[in-house]
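Examining the three-dimensional arrangement
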Amino acid sequence: MEKLTLNDLINRKAQMKSELRMIDVPALGGSVTVQKLPIGRFLAILDRYSEANPSIATRLEMCADVIYNSVPMFQKAELQEAYDCVEPTDIVVKLFDDDIQAIGKLADEISGFYGITNELKN
């Protein structure tokens, strides 16, 4: 391996992935813009659901929370009102028409931004 220089590290910043990404979501019939959250905020969401053996319902809540906080469009009150959401994160389950697999897939893609793979399925 080569020894890194200060310029190498500065140039790396320009090569880092954008904070916004488009992800294809076949279950919704198109792509959504996903915002990469600050690492501390992302981990705080995961920590809220960190129990030894989380139930499937708890895992679904975690996935919905990750998705809701990462997709700015899902946070729009107008969208939540149109779907009669009681809690803001309800929009995720309602938009995906209770498709748990599709919700998990999108949450896994988002977790991939942070170098975590299949973390949300386990």
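Treat the numbers as computed from the prediction; the structure is a model and nothing was measured. Residues take numbers from 1 onward in each chain, read along the sequence in its written order. Local features in this predicted model are restricted to residues of pLDDT 70 or higher, and side-chain atom pairs are both shown and tallied only at a pLDDT of 80 or more, whereas totals for entire chains, interfaces and linings draw on every residue. Hydrogens and water molecules were not included; the side-chain quantities draw on all heavy atoms of the structure.

What to know about the overall build of the chain
Keep this limit in mind: Where helices and strands are cited, they refer to DSSP runs of H or I of at least four residues and of E of at least two residues respectively, numbered from the N terminus. The classification of residues rests on relative accessible area computed with a 1.4 Å probe and restricted to protein chains. Under 20% of the type maximum is buried, over 50% is exposed, and intermediate values are partly exposed. Working rule for contacts: check all heavy atoms of both residues, and any pair within 4.5 Å makes them a contact. Per-residue and other accessible areas follow the Shrake-Rupley method at a 1.4 Å probe size, with only the shown protein chains counted as cover for residues. Positive charges come from Lys and Arg, negative ones from Asp and Glu, while His and the chain ends are left out of the count. To locate a charge, take atom NZ for lysine, CZ for arginine, CG for aspartate or CD for glutamate.
Within the chain, the regular secondary structure consists of six helices and two strands. Element order for the chain, N to C, with α for helix and β for strand: α-β-β-α-α-α-α-α. Expressed as lengths along the three principal axes of its C-alpha atoms, the size of the chain is roughly 55 × 35 × 25 Å. Buried positions account for 34% of the 122 residues belonging to the chain. Pairs at least 24 apart in sequence give 48% of the contacts found in the chain among residues at least 6 apart. Here the chain displays about 8200 Å² of accessible surface, and carbon together with sulfur accounts for 52% of that area. The positive charge centre, built from 13 side chains, and the negative charge centre, built from 19, are 9 Å apart in the chain.

What about the pattern of salt bridges?
Pairing between side chains of opposite charge can happen when the charged atoms of each approach one another. This is how it is decided: A pair is scored as a salt bridge if a Lys or Arg side-chain nitrogen falls within 4 Å of a carboxyl oxygen belonging to Asp or Glu.
A full pass over the atoms with the stated rule returns one salt bridge. The partner of Arg 48 in a salt bridge is Asp 65, and the shortest N-O contact between them spans 2.6 Å. Of the two residues, Arg 48 sits in helix α2 (residues 39-48) while Asp 65 sits in helix α3 (residues 56-70), which places them 17 residues apart along the sequence. Judged by relative accessible area, which is 52%, Arg 48 ranks as exposed.

What to know about the nonpolar core
Selection rule: Side-chain atoms within 4.5 Å link the members of a nonpolar core, which is a set of buried Ala, Val, Leu, Ile, Met, Phe, Trp, Tyr and Cys residues.
Counting 30 residues, the largest nonpolar core has Ile 67, Phe 74, Val 92, Phe 96 and Ile 110 as the members making the most contacts within it. At the level of elements, β1 (20-25), β2 (30-35), α2, α3, α5 (90-95) and α6 (100-111) are the ones that each hand at least two residues to this core. No other element matches α3, which puts six residues into this core. For Ile 110, the residues in contact, after removing those within four places along its chain, are Ile 23, Val 34, Val 66, Ile 67 and Ser 70.

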